[in-house]
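Examination of the molecular architecture
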Amino acid sequence: MKNLNNKIKKIKIIIKRLADLYPDAKIHLKYNSAFELLISTILSAQCTDELVNKVMVPLYKEKYKTPKDILNDGIDNFRNNIKSINFYNNKSKSIFKLCEILEKKYNGNVPNSLEELTELPGIGRKSANVILGNYFGKKDAIIVDTHFKRVTSRLGLTENNDSEKIELELKELVPPSEQFDFSIRIGEHGRIICKAKSPKCDECNLNDICPSAYK
DNA sequence: CTCCCGATAT
DNA sequence: ATATCAGGAG
């Protein structure tokens, strides 16, 4: 119990400092609709947001605005158009199947619950929470990507290695109204300071409360 | 636990 | 030439 309270106090400090450091942090993916965000989120798996933007923004503009647009163009054309993105073969299959489901089951719309989203091909909990937080304004969304895993682990906020367990664990520690912003800022911090290989602990404003600093 | 698989930085 | 980037499905 004392340990839990200490964690919560520590998280309060982290929330405050990250908010000061990254007041306007937001997702790097560019989109004009829930559909575009959904497609780009699938494509961003194990891939940078920048590359997804580079490939997809022109495609959304000229041809792929709705699930029907992708279905009508055919899977071969779609796959060919995204082939500079990694895992393009699997991702094309997921997205094509996804578009069929969106048409048949959701009238071309994007569902807005975690349960419905994670049933869609290519969408796991991380991607579902990205959609819910960024498009549907859900504040109590913890987004566990590779950055979130690494940074929260280094900070001593979790001892878990499983993404879903980390998500549920942190949902108990971070105030619901802060969860989404916290996730985005942790991700930003992971990209800029708390990098996988050579973390910049000397530049980190959390190094005084981080058990992993300078190691 | 294995497969998927290209772009960019160094 | 090699390291780094960074989720989901079967």
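Residues numbered from 1 in each chain as written. Chains lettered and ligands numbered in written order. Predicted model: local features only at pLDDT ≥ 70, side-chain atom pairs only at ≥ 80, totals over all residues. Heavy atoms only, no water.

1. Things to note about the side chain of N53
Under the convention used in this document: Numbering of helices and strands runs from the N terminus; a helix is a DSSP stretch of H or I covering at least four residues, while a strand is a stretch of E covering at least two. Per-residue accessibility, obtained with a 1.4 Å probe over protein chains only, is compared with the maximum for each type, and a residue is labelled buried under 20%, exposed over 50%, and partly exposed between these values. Polar contact criterion, stated in full: a pair of N or O atoms within 3.5 Å, where within protein one must be able to donate a hydrogen and the other to accept it, and residues adjacent in sequence count only if both atoms are side-chain atoms. The contact criterion used throughout is that any non-hydrogen atoms of two residues lie within 4.5 Å.
One can find N53 in helix 3 (residues 49-62). Looking at N53, the relative accessible area reads 10%, which means it is buried. In terms of polar contacts, N53 uses its side chain to reach the backbone carbonyl oxygen of H28, at 2.9 Å. The residues touching N53, leaving out its near neighbours within four places in the chain, are H28, L29, K30 and P58.

2. Focus on the protein's contact with DNA strand C
In plain terms, the rule: Put simply, a residue is near a molecule or strand once any heavy atom of it comes within 4 Å of that molecule or strand. Any residue outside Ala, Val, Leu, Ile, Met, Phe, Trp, Tyr, Cys, Pro, Asp, Glu, Lys and Arg is labelled polar, Gly included; the first ten of those are nonpolar and the last four are charged.
In the neighbourhood of DNA strand C, 17 residues make up the surrounding shell, with Q46, G122, S127, T146 and H147 lying closest. Among all atoms of DNA strand C positioned within 4 Å of the protein, those belonging to sugar or phosphate total 65%. G122 places a polar main-chain atom, nitrogen or oxygen, 2.8 Å from a phosphate oxygen of DNA strand C. In the model, a phosphate oxygen of DNA strand C is placed 3.2 Å from a nitrogen or oxygen of the K126 side chain. For the surface near DNA strand C, the elements supplying multiple residues, two or more each, are helix 8 (125-134) and helix 9 (146-154). In terms of residue class, the surface near DNA strand C is made up of seven nonpolar, six polar and four charged.

3. Notes on the protein's contact with DNA strand B
With respect to spatial proximity, the complete set of residues near DNA strand B consists of L51, K54, K83, S84, N86, F87, Y88, N89 and N90. Considering DNA strand B, the proportion of its atoms within 4 Å of the protein that are sugar or phosphate atoms stands at 63%. At 3.4 Å from a sugar or linking oxygen of DNA strand B is found a main-chain nitrogen or oxygen belonging to S84. Contributions of two or more residues to the surface near DNA strand B are made by helix 3 and helix 6 (88-106). Among the elements that make up the surface near DNA strand B, the one with the highest residue count is helix 6 (three residues).

4. Remarks on helix 10 (residues 163-173)
At 3.6 residues per turn, the α-helix brings residues three or four places apart onto the same side. Definition in use: Working definition: the arc comes from the directions between the helix axis and the C-beta atoms, pointing outward to the latter.
When we look at burial in helix 10, the residues that qualify are I166, E167, L170 and L173. Viewed along the axis of helix 10, the buried residues span an arc of 125°, placing them on a single side of the element.

5. A look at the nonpolar core
The test is simple: Nine residue types can take part in a nonpolar core, namely buried Ala, Val, Leu, Ile, Met, Phe, Trp, Tyr and Cys, and a core is a set of them joined through side-chain atoms within 4.5 Å.
Residues L38, I39, L43, M56, I70, I95 and L117 are the most contacted members of the largest nonpolar core, which totals 38 residues. Elements represented by at least two residues in this core include exactly helix 2 (34-43), helix 3, helix 6, helix 7 (114-119), helix 8 and helix 11 (179-192). Among the elements that line this core, the one with the most residues is helix 2, at seven residues. The contact partners of L43, leaving out residues within four places of it in the chain, are V52, M56, I82, I85, K91 and I95. Of all hydrophobic cores here, the second largest spans 24 residues; its members include I142, F148, L157 and I209.

6. What to know about the packing of aromatic side chains
Here is the rule we go by: Ring geometry is summarised as follows: Phe, Tyr and Trp rings, the Trp one being its six-membered ring, pair when their centres sit within 6.5 Å, and such pairs are stacked at plane angles under 30 degrees, edge-to-face over 60 and tilted between the two.
Tallied over the full model, the rule gives three aromatic pairs. Relative to F136, the ring of Y135 lies with its centre 5.1 Å away and its plane at 85°, an arrangement referred to as edge-to-face. Owing to a relative accessible area of 39%, Y135 belongs among the partly exposed residues under this scheme. Since its relative accessible area comes to 30%, F136 is described here as partly exposed.

7. Here's the deal with the environment of Y106
Looking at the secondary structure, you find Y106 in helix 6. For Y106, the contacting residues outside a window of four places in its chain are I101, P111, E116 and L120.

8. Notes on the state of the cysteines
Basically, it comes down to this: Cysteine sulfur atoms that pair up within 2.5 Å are treated as a disulfide.
Evaluation of the coordinates by the stated rule reveals zero disulfides. Here C47 stays free of any disulfide, with the sulfur of C99 as its closest cysteine sulfur at 18 Å. Free cysteine: C210, not disulfide-bonded; nearest cysteine sulfur from C194 at 6.4 Å. Residue class for C210 comes out buried when judged on its relative accessible area of 18%.

9. Description of the domain arrangement of chain A
Inclusion rule: Those domain boundaries reflect an automatic or database domain assignment. The term buried area means the drop in 1.4 Å probe accessible area that two parts suffer when joined, counted for both and summed.
According to the domain assignment, chain A consists of domain 1 (2-26 + 140-203) and domain 2 (34-134). Distance between the C-alpha centres of domain 1 and domain 2: 27 Å. Contact residues are listed per partner, giving 10 residues for domain 1 and six residues for domain 2. If you sort the residues of domain 1 by the area they bury against domain 2, I143, E167 and F180 come out on top, with a joint share of 52%.

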